[in-house]
Amino acid sequence: MNLEKVIFGFFIVLAATLNFGFFIGDIERPELHHVYELAAALVVSLIATALKFGDRTQIGAIHLSTSLVADLQLVAAAITWTIAVHVTGEGMTASVTASVVSLSGGALFANVVSVIILIVETVMLRR
Amino acid sequence: MNSAFFLVLRRMRAPIIVLIVIYAIAVFGLTLVPGVDAEGHRAPPLSFFHAFYFVSYTATTIGFGEIPGAFSDGQRLWVTFCIYLTVLGWSYSVVTLIALLQDKGFQNTLTSNRFARRVLRLKEPFYLICGCGETGNLICRTFDQTGQAFVVLEKDELRVQELDLQDFKTDTPALAADARQPETLLLAGLKHPKCRGVLAVTNDEEANLGIAIAVRLLNPGIPVIARARSESTSANMASFGTDHIINPYVRFAEHLALAVAAPERFRLIELLTSLPESPLPEPHRPPGGHWILCGYGRFGQALGSRLQQTGIHLTIIDPKAEGADRSIAGDGTEAATLRQAGIERASGIIAGSDNDINNLSIAVTASELNPQLFVVARQNHTANSALFDAYDANFTMVPSHIVAQEAIAILSAPLLARFLERLRNADESWSQSLGERLQALCSPLTPAIWDIRLNISEAPGAYRALMRGKDFRLGDILRDGSERERALPIVPLLLERGEQIIVLPDARYKLQAGDQLLFASSLATQRNLTYTLRNENELAYVLDGEESSSWLWRKLRRKTAGQAS
C-alpha cells in the first residue's frame, strides 16, 4: 500500500462527496444548501488540484484539467453567493440559490469525471 | 519551458497545500467566533466573505487598516493565532521557491531551454562550434568579425561565462554542456535547417571523434571539420567520412618542409590561409643543411619524417623517445647537450617539446651558442604569447592557430581547397608574383579569401541580369559601387563553371549564370562587391553608369526607347 495513493484518492473522492452534499436538495431552497458545505467543497477541491500538480503523463493532465474545472465552477458559485449577499443586498432568493447550486452541479460533474479517471487508472494498474 | 514549469509545480505542491489548509482553518475559525457590536452586545460572527477578506490582507502581511467592525475578544484571540499560522505558511512557500530557483538542476533546465529557444529562432546560416578553448575562441572571434553566425557548445562553464563577457557584435547562443552527447548536439541545432557545418575542436580527442560520428549519423548532409592530434584518430575519423581532419602537427610539419623546399609557394599558401585582416606574417626562409630537433613526440615525429624528405640532415634529441640519437644525453635545454649535437655547424633548430618553458629555454640557449641559427619554436599555450613574442623566434608554431586558420579558410571559401590543390605544381616565380599582388591588396593586413556563386540566393542581381541575356565580363563587375571609374583592389583567384576550373581568370572573361568565383580582397571590398552583385540597380550603375531607380522610371524609359526605335 502506498500512502501517497491513499491521500490522493481520499482527496479526490472527498471533493466529489462534499460537492454532492452541497448540491443535493431542492435547487431553489436556500435552507437546503449550507454555506459551510460549499466552503468545505471548495477547499478540498483546491487541495485536490494542488495534489495533481507536476504529473507529466496524459492521464495526469486530464486529472489536473478536471480539477481546474471544478475549482472554477465552485469559485464562481462562491462569488455569486457573496455578490448576492454583500454587494447587491439581494440575499439568497430562489433565483440566486438556483444559480449557485447549478454552478456547483457543474463542478460535481467535473469531480465525477475525476473519480472515474481515478477508477480507470486503478483498474489499469498492473502492480 | 514545459519541463521547468512542471518542475516548479511539482516542487511547490507541498507549500501550496499547506497554504490552502492554513487559509481554510483561519477563515472557518473566523466564521465561527462570535463578534460584538457597537453597544457591546453579542453579534453574529463574520460571514465567509468578510472572513476571507480579513485573512487575505492579514496573511500576506499587507496589514490593511480596514476591518469590517471592531472585533470581540474571542475574535482577537483567534486572529492572533491565525497571524502566526499564516506567516509560517507563507514563509515556507517563499523559502521553497527561493531554494528551487537556486537549485543547480533547475537553473540548468532554464538555461538549456533558453539556449534551445534561441537556436531555434536563428534565421541566418550558422556553424556549430564544439569546444571553445584557444582554437574555438579564435574561430569565434573571426566569425564574429566577418558577421558569420555561430552557436557554441563548451563543457567548461567558466569558459562560457567568459564568452559572454567578450564583446561580440552578434548575440551568440552558448551552452555549457558536453558535446559528446547527441542530445546536446541536437539541442544546439544539429538538425536545424540553417546549420551549415560542425567544427569539432575540443581539447579531447575522444570527444572530437564522438562529435564527428554523431554528425555523420544524425545529419549526413552537412560537413564536419574535426581536429585530431594522433594518426590513429585521424585514420578513424577518415574511415567514416569526416569531411576535413586537421592535425596541427602534421600540417605544421608540411608547412615547414614546404618552406624549406619552396619558400615562395609556402608564402603564398600562408597568405591564402591566414585569418582575414590579421597582420601580414613575416616571410620565412628556413635554410637547408643540418638541423637539430629537440623533442621527439607526435610533433617531432611528424616533423622528422617530412623534413628528412627535403634533404635536411636531422639530429634528434629526446632522452625518452625511441628513434632519437642515443649518444646524446639531456633534453636540449643545456648548452653541453646542444654542443654535442653539433650546434656550431647547424643551420636550424626546432624546440618542439610539449613544455613551453623548456622550448623557450632551448631556443634562447641555442641562439646564444650560434646567433645565425634559424629557430623554430613550438608554443603550446596561447597564454604564453607574451613570452614567445618577446623572444621572437624565426618561426613560431601555435597549434590552436593552425587549426583555427585552416578551419576558417575552408569554411569561408570552399573553393579555396580547389585553388590550393592546383598550387601543388606551381613554380616559384609564379608564386612570388601572385604572393606580392596579394600582399599589396590591404597591406599591412592579410586579405580575406572569399567566394561567391552567381545564383539566385547569393548574387540575385547579377543572376537576373545574366538570365535576361545581359552580357558582361569579369573585369566589368570589379569596379567600385560608389564611383565606377575606380577599379576595386581585388584579385580574382579562381573561376569554376561546372567541371571547368580556371585559375587566375582574365578580366576579359565572360561570366555566366551559375559561375563560382574565388576572390582575395579586404573585407570592405568584399562588402562592396557583394552589394553590387546582389542589387540590380547597383549592378546597372557599375556596368553602364545607369542611375536607374524606381519601377515607374524604368517603364517610362523603356517606352521612350521603344518609340525611338
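All values reported here derive from a predicted model rather than from experimental measurement.

A word on the overall build of chain A
So, point 1. Each helix and strand in chain A was counted, giving four helices and zero strands.
So, point 2. Ordered by position in the sequence, the α and β elements of chain A form the string α-α-α-α.
So, point 3. Taking all 127 residues of chain A together, the buried fraction comes to 33%.
So, point 4. For chain A, the proportion of contacts with a sequence separation of at least 24, taken over those separated by at least 6, is 69%.

Here we look at the overall build of chain B
So, point 1. Within chain B, the regular secondary structure consists of 24 helices and 17 strands.
So, point 2. Scored against the burial criterion, the 565 residues of chain B give a buried share of 38%.
So, point 3. For chain B, the share of sequence-separated contacts (at least 6 apart) that also reach a separation of at least 24 residues comes to 66%.

Some words on the interface of chain A and chain B
So, point 1. Contacts between the two partners involve 13 residues from chain A and, on the opposite side, twelve residues from chain B.
So, point 2. Elements supplying a minimum of two residues to the side of chain A that touches chain B: helix H2 (35–51) and helix H3 (58–87) of chain A.
So, point 3. Among the elements that take part in the side of chain A that touches chain B, H2(A) stands out by supplying seven residues, more than any other.

A closer look at the pairing of strand E9 (residues 290–294) of chain B
Residues and elements named next belong to chain B.
So, point 1. The buried fraction of E9 amounts to four of the five residues, a majority that puts the element mostly inside the structure.
So, point 2. Of the strand pairs in this sheet, E9 and strand E10 (residues 313–317) are connected by five bridges, and their pairing is parallel. Directly across from Cys294, in E10, lies its bridge partner Ile317.
So, point 3. As for the winding sense of the linkage, the β-α-β connection from E9 through helix H13 (residues 298–309) to E10 is right-handed.

Considerations on the sheet that holds strand E16 (residues 500–503) of chain B
All names here are of chain B.
So, point 1. Read from one edge to the other, the open sheet built from four strands follows the order E14-E17-E15-E16, with strand pairing classed as antiparallel. Edge positions in the open sheet fall to strand E14 (448–453) and E16, since each of these has one partner strand only. Between one strand axis and the next, the sheet turns through 20° on average, direction left out of account.
So, point 2. One ladder, built from six bridges, connects E14 with strand E17 (residues 516–521); its direction is antiparallel. Looking at the pairing, Ile452 lines up with Leu517 of E17.
So, point 3. The sheet strands contacting helix H18 (residues 414–423) are E14, strand E15 (490–497), E16 and E17, and the helix crosses E15 at an angle near 95°.
So, point 4. Packing of helix H22 (residues 523–534) onto the sheet brings it into contact with E14, E15 and E17, and relative to E14 it is tilted by some 10°.

Some remarks on the packing of helix H11 (residues 248–261) of chain B against helix H12 (residues 263–273) of chain B
Residue and element names in this part refer to chain B.
So, point 1. Following both chains from N to C, one finds H11 and H12 inclined at 140°, their axes separated by 6 Å at the closest point. Put simply, H11 runs oblique to H12. Where H11 approaches H12, its residues His255, Leu258 and Ala259 are matched on the opposing element by Pro263, Arg265 and Phe266.
So, point 2. When grouped by side-chain class, the residues that make up the contact of H11 with H12 number four nonpolar, one polar and one charged.

Considerations on the environment of B:Val198
All names here are of chain B.
So, point 1. For Val198, the position within the fold is in strand E6 (residues 195–200).
So, point 2. A C-alpha to C-alpha distance of 9.8 Å links Val198 and Phe150, two positions 48 residues apart in sequence.
So, point 3. With near-sequence residues (within four places) excluded, Val198 lies in contact with Leu128, Cys130, Leu190, Ile211, Val215, Ile222 and Val224.

Here's the deal with H2(A)
One turn of the α-helix equals 3.6 residues, which is why residues spaced by three or four share an orientation.
So, point 1. Under the 1.5 Å per step criterion, the end-to-end length of H2(A) is 25 Å for 17 residues, consistent within 8% with the ideal 24 Å.
So, point 2. Of all 17 residues that make up H2(A), 13 are buried, and the element is covered over most of its length.

Some remarks on the packing of helix H2 (residues 13–32) of chain B against helix H4 (residues 73–102) of chain B
All names here are of chain B.
So, point 1. Running from N to C, H2 and H4 cross one another at 170°; their axes reach a closest spacing of 9 Å. If you check the angle between H2 and H4, you find them roughly antiparallel. Facing Pro15, Val18, Leu19, Ile22, Ile25, Ala26, Gly29 and Leu30 of H2, the residues of H4 in contact are Gln75, Trp78, Cys82, Leu85, Thr86, Gly89, Tyr92, Ser93 and Thr96.
So, point 2. Considering only residue class, the contact of H2 with H4 consists of eleven nonpolar, six polar and no charged.

Quick word on the nonpolar core
So, point 1. Within the largest apolar cluster, 128 residues are counted, with the highest numbers of intra-cluster contacts made by B:Leu128, B:Ile129, B:Cys130, B:Ile139, B:Leu199, B:Ala407 and B:Leu518.
So, point 2. Judged by nonpolar contacts, the second largest core, of 44 residues, contains A:Ile47, A:Leu74, A:Val100 and B:Cys82.

Side note on the confidence of the model for chain B
So, point 1. Counting all residues, the mean pLDDT for chain B is 84, and 95% of those residues have values of 70 or more.
So, point 2. In the predicted assembly, ipTM is 0.83 and pTM is 0.69.

Details of the sheet that holds E9(B)
Residues and elements named next belong to chain B.
So, point 1. In space, the five strands of this open sheet follow the order E10-E9-E11-E12-E13, with parallel pairing throughout. A strand with exactly one partner marks an edge of an open sheet, and here the two such strands are E10 and strand E13 (395–397). On average, each strand axis in the sheet is inclined to that of its neighbour by 15°, with strand direction left out of account.
So, point 2. Judged from the four bridges that link them, strand E11 (residues 348–351) and strand E12 (residues 374–378) form a sheet pairing that is parallel. The residue of E12 that forms the bridge with Gly348 is Phe374.
So, point 3. Strands in contact with helix H15 (residues 356–369) are E9, E11 and E12; relative to E12, the strand with the most contacts, it is inclined by about 170°.

Parameters and conventions
- Along each chain, residue indices are assigned from 1 in the same order as the chain's sequence is written.
- Both sets of labels track the order of writing: A upward for chains, 1 upward for ligands.
- Totals for whole chains, interfaces and linings use every residue, but because this is a predicted model, local features are given only for residues with pLDDT of at least 70 and side-chain atom pairs only at 80 or more, for both listing and counting.
- Where helices and strands are cited, they refer to DSSP runs of H or I of at least four residues and of E of at least two residues respectively, numbered from the N terminus.
- Residues with at least 20 neighbouring C-beta atoms inside 10 Å of their own are called buried, those with 12 or fewer are called exposed, and the rest are partly exposed, where every C-beta is derived from the backbone.
- Two residues qualify as a contact pair if the distance between their C-beta atoms, derived from the backbone, is within 7 Å.
- Note on pairing: DSSP must find at least two bridges between two strands before they are called paired.
- With its strands directed away from the observer, a crossover is right-handed exactly when the path from the first strand over the helix to the second travels clockwise.
- Think of each axis as a best-fit line through the C-alpha atoms, taken over the contacting stretch in the case of a helix, with angles from 0 to 180 degrees between the N-to-C directions.
- Comment on the angle field: the value is read as roughly parallel under 35 degrees, roughly antiparallel over 145, roughly perpendicular from 65 to 115, and oblique elsewhere.
- Classes in brief: Ala, Val, Leu, Ile, Met, Phe, Trp, Tyr, Cys and Pro nonpolar; Asp, Glu, Lys and Arg charged; the others, Gly included, polar.
- To estimate the expected span of a helix, count its residues, drop one, and scale the result by 1.5 Å.
- Residues enter a nonpolar core if they are buried, belong to Ala, Val, Leu, Ile, Met, Phe, Trp, Tyr or Cys, and are joined to the set through C-beta atoms within 7 Å.
- pLDDT is defined as a per-residue confidence score from the predictor, taking values between 0 and 100.

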